[in-house]
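Chain by chain, the residues run as shown.
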Amino acid sequence: MKGVYDLRDKDTGDAAGDTSFVISKKNNAFDCRKDPDSFQCHGLAQFSGDDVNSTDLILEIEIQADGQWGVYLECNPLNASDPHGPWTCENGLSPPPPPDFPQQCQAMDYDSFGDYCVRGVPDRTVQGTETDCCNFIASQPKGTYNFYNYFALNNTCNLYKSASMSKITKCEAHNVTFAVYNPPDPNSCKCERVYRAVGRQNMTMHGGQFSIAGGLWFSHPSGGQCGVNEKVGDQSGCTYKVLKVTRAINATCMYKAIDAAVEAMDPSCFASCPQPHNVTSDCYLGCYSAATKSAAKSDLVKPWNQAFEPTGCPQVPIDPALW
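Residues numbered from 1 in each chain as written. Predicted model: local features only at pLDDT ≥ 70, side-chain atom pairs only at ≥ 80, totals over all residues. Heavy atoms only, no water.

1. Brief notes about helix H1 (residues 15-34)
Thinking step 1. Under the 1.5 Å per step criterion, the end-to-end length of H1 is 29 Å for 20 residues, consistent within 8% with the ideal 28 Å.
Thinking step 2. Taking the largest bend as the criterion, H1 deviates by roughly 35°, centred on Ser-24. (Helix = DSSP H or I, 4+ residues; strand = E, 2+ residues; numbered from the N terminus. Expected span 1.5 Å × (residues − 1). Bend = angle between axes of the 7 residues up to and from the residue.)

Shown next, in the form of structure tokens:
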């Protein structure tokens with residue numbers, strides 16, 4: 001268990017950023033139950049309830065960082081079923097293209113996902129092979145079309161300049177390609193600095209599914225962590241150092257505190273549910289989603305801060321041997 005408190009190849013957040021992450025689990029579950037075929041649910045782990053017997057902890061950690069922020073990295077276990085094993089951080093890598101995806105579209109920075117359709121009137125339709133479609137795209141200014149659908153059964157390519165994610169759903173048709181224009185982030189690279197710097201992402205500015213309370217997310221690649229005899233600003237080149245774990249509480253207590261605060265935002269809605277405290281029911285998740293989406297960010301973050309106060313969640317003793 002040694003290393004429980006270290007940050008090597010881990011993501012963290014401030015109070016608002018982590019609140020956004022916790023609330024998003026339920027809100028995404030509700031949205032994906034309403035429309036399970038939506039593209040925004042592609043590859044998204046679905047919420048099945050908080051484990052009441054969980055031994056997970058939420059830690060408040062004091063660190064020293066050099067302030068030279070890098071791009072935020074997605075850090076996860078190498079083996080998702082073994083979170084106690086090694087972890088790694090990735091720089092938002094695109095999915096590998098299928099073997100028959102035209103080289104022309106790959107060169108134009110399109111990613112292929114397949115089996116999704118845009119529900120709406122296309123801005124342009126091209127007849128022919130998918131390669132013909134990609135050749136046409138290449139003849140236009142880069143980024144003119146953000147999405148395309150290619151239907152192999154009738155050799156039709158529908159091109160879209162824009163589309164709401166709610167309009168992108170699983171296709172009923174077969175042999176369909178769905179491709180998304182995804183130009184590389186100018187900060188995205190595999191240079192050494194990216195895997196040493198503390199990454200930072202402003203969720204208020206970033207928007208999307210995980211930004212409901214705003215806040216900041218941070219990534220801590222192992223290459224930047226200071227060793228025992230190193231410190232930020234010396235000649236070692238390390239970018240961050242864990243100074244101490246100031247407080248620790250059980251995650252179950254935090255989740256209950258957030259749920260109670262959200263339920264208090266619209267008690268009549270939750271009371272109307274057949275099982276008012278069944279956090280996985282459609283009724284509960286619908287009330288939860290509506291309440292959090294209409295609440296002020298400061299009200300959403302309040303229970304997180306209160307949980308760490310002396311009158312909040314019980315403190316869990318911190319064992320220095322586990323550092």
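2. Comments concerning the packing of aromatic side chains
Thinking step 1. Under the counting rule described, the total for this entry stands at 13 aromatic pairs.
Thinking step 2. Ring geometry for Phe-210 versus Trp-217: centroids 5.9 Å apart, planes at 55°, classification tilted.
Thinking step 3. By relative accessible area, Trp-217 is classed as buried at 11%.
Thinking step 4. With 6.4 Å between their ring centres and 45° between their planes, Trp-304 and Phe-308 make a pair best called tilted. As far as the burial class goes, Trp-304 and Phe-308 line up, both buried.
Thinking step 5. Seen from the ring of Trp-87, Lys-10 lies directly overhead, with NZ or CZ sitting 5.0 Å from the centre. (Phe/Tyr/Trp six-rings, centres within 6.5 Å; stacked < 30°, edge-to-face > 60°. Buried < 20%, exposed > 50% of the residue type's maximum accessible area, 1.4 Å probe, protein only. Lys NZ or Arg CZ within 6 Å of the ring centre and 35° of its normal.)

3. Some points on the packing of H1 against helix H5 (residues 251-265)
Thinking step 1. The interhelical angle for the contact between H1 and H5, taken along N-to-C directions, is 65°, at an axis separation of 11 Å. Looking at the two axes, H1 sits roughly perpendicular to H5. Regarding H1 and H5, the two cross each other, and that crossing is right-handed. From H1, Val-22, Ile-23, Lys-25 and Lys-26 reach across to H5, where they touch Tyr-255, Ile-258 and Asp-259.
Thinking step 2. Residues belonging to the contact of H1 with H5 are distributed by class as follows: 4 nonpolar, no polar and 3 charged. (Axes fitted to C-alpha atoms, helices over the stretch in contact; angles between N-to-C directions. Parallel < 35°, antiparallel > 145°, perpendicular 65-115°, else oblique. Left-handed = near helix turned anticlockwise from the far one by under 90°. Contact = heavy atoms within 4.5 Å. Nonpolar A, V, L, I, M, F, W, Y, C, P; charged D, E, K, R; others polar.)

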